[in-house]
Amino acid sequence: MTTPIDISEESGVRYLHFGSEWVQGAMRIRKPDALELDYTREMMAGLLLRDAPWPRRVLLIGLGAGSLTKFVHRHLPDARTTVVEIAPEVHAVAHQFFKLPGEDERLEIVIGDGAAFIANDTTHWDLIAVDGFDRNARAGALASQAFYEACQARLSEQGLLVANLFGQLRGYKTQLQRLGKAFDGRVLALAPVASGNVVAFAAAGEPVERSLIELREQAAALKAATGLDLAPTLKRLEKAGLAPAGNISF
């Protein structure tokens, strides 16, 4: 089935829609490699949770407007990235309207089902980022217990899974429960952003242990290097009580 695609523009920002009002991606036309949407910025917060040069192997499930793909390709030169996108027309639109770079030795695009890909994969990934929804903002198999367990099995010792969840949907709490079961409770779910998106991290291998002081220092260095400002994320994390005694651990 062909994915219905609409593109809109407002105030210098180009938006991707899958035949509905839901925004599936966005790009500021004058800054095509920047992360325009709040939740996409938060999906890169894993860069505060592991030490560089991390990640080296990146799997992105769901291409959309290519925001995460472009950011990783430009700002993480040590990373090799594979993107799995189920709809070839989304890939074509990302190239034509959202400045997705062409494939090279650091970027591979696979047209296929993300759940099937991870079930048959043998690679150990440092970062698996899941951001796949249909026109009704449903994640389908990308929110299943089997999928999360397959992701956990495919992460390296430094591995993190980050998933974009939609907190306004009825199955959101079930998704978090499945994540917790697959990762033995090693999950950190951030507070919802204004759009209702909830970014959740799950860890495999080495524990994630960071103080707020360390996170702020890394965020400042990341902003200086890439322009990505995660200070608002850290403020919301602290306000939500996710860093008891000034530390996060999972």
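Remember, predicted model here, so these are calculated numbers, not experimental data.

(A) Geometry of the packing of aromatic side chains. The tally for this structure, following the rule as stated, stands at one aromatic pair. Measuring from centroid to centroid gives 5.9 Å for F147 and Y148, while their planes differ by 55 degrees, and the two rings are tilted. Y148 carries the same exposure label as F147, and that label is buried.

(B) Molecular detail of helix α3 (residues 88-98). What α3 keeps buried is the set V90, H91, V93, A94 and F98. Buried residues of α3, viewed axially, fall in a sector of 165 degrees; they line one side. If you follow the buried residues of α3, they end up packed against β1 (6-10), β2 (13-17), β3 (23-28), α2 (67-75), β5 (80-85) and β6 (107-111). Once α3 finishes, K99 follows within two positions and takes phi at roughly 60 degrees, a positive value.

(C) Looking closely at a negative patch on the surface. On the surface, a cluster of negative charge is contributed by E103, D104, E105 and E108. Structurally, E108 can be placed in strand β6. Take E108: its relative accessible area is 41%, and that puts it in the partly exposed class.

Criteria and cut-off values
- Residues numbered from 1 in each chain as written.
- Predicted model: local features only at pLDDT ≥ 70, side-chain atom pairs only at ≥ 80, totals over all residues.
- Heavy atoms only, no water.
- Phe/Tyr/Trp six-rings, centres within 6.5 Å; stacked < 30°, edge-to-face > 60°.
- Buried < 20%, exposed > 50% of the residue type's maximum accessible area, 1.4 Å probe, protein only.
- Helix = DSSP H or I, 4+ residues; strand = E, 2+ residues; numbered from the N terminus.
- Arc of directions from axis to C-beta.
- Contact = heavy atoms within 4.5 Å.
- Patch = residues over 30% accessible without salt bridge, like charges linked within 9 Å, V, L, I, M, F, W, Y side chains within 5 Å.
- Areas by Shrake-Rupley, 256 points an atom, 1.4 Å probe, with all protein chains shown as cover.
- Salt bridge = Lys/Arg side-chain N within 4 Å of Asp/Glu carboxyl O.
- Lys, Arg positive; Asp, Glu negative; His and termini not counted.
- Charge placed at Lys NZ, Arg CZ, Asp CG, Glu CD.

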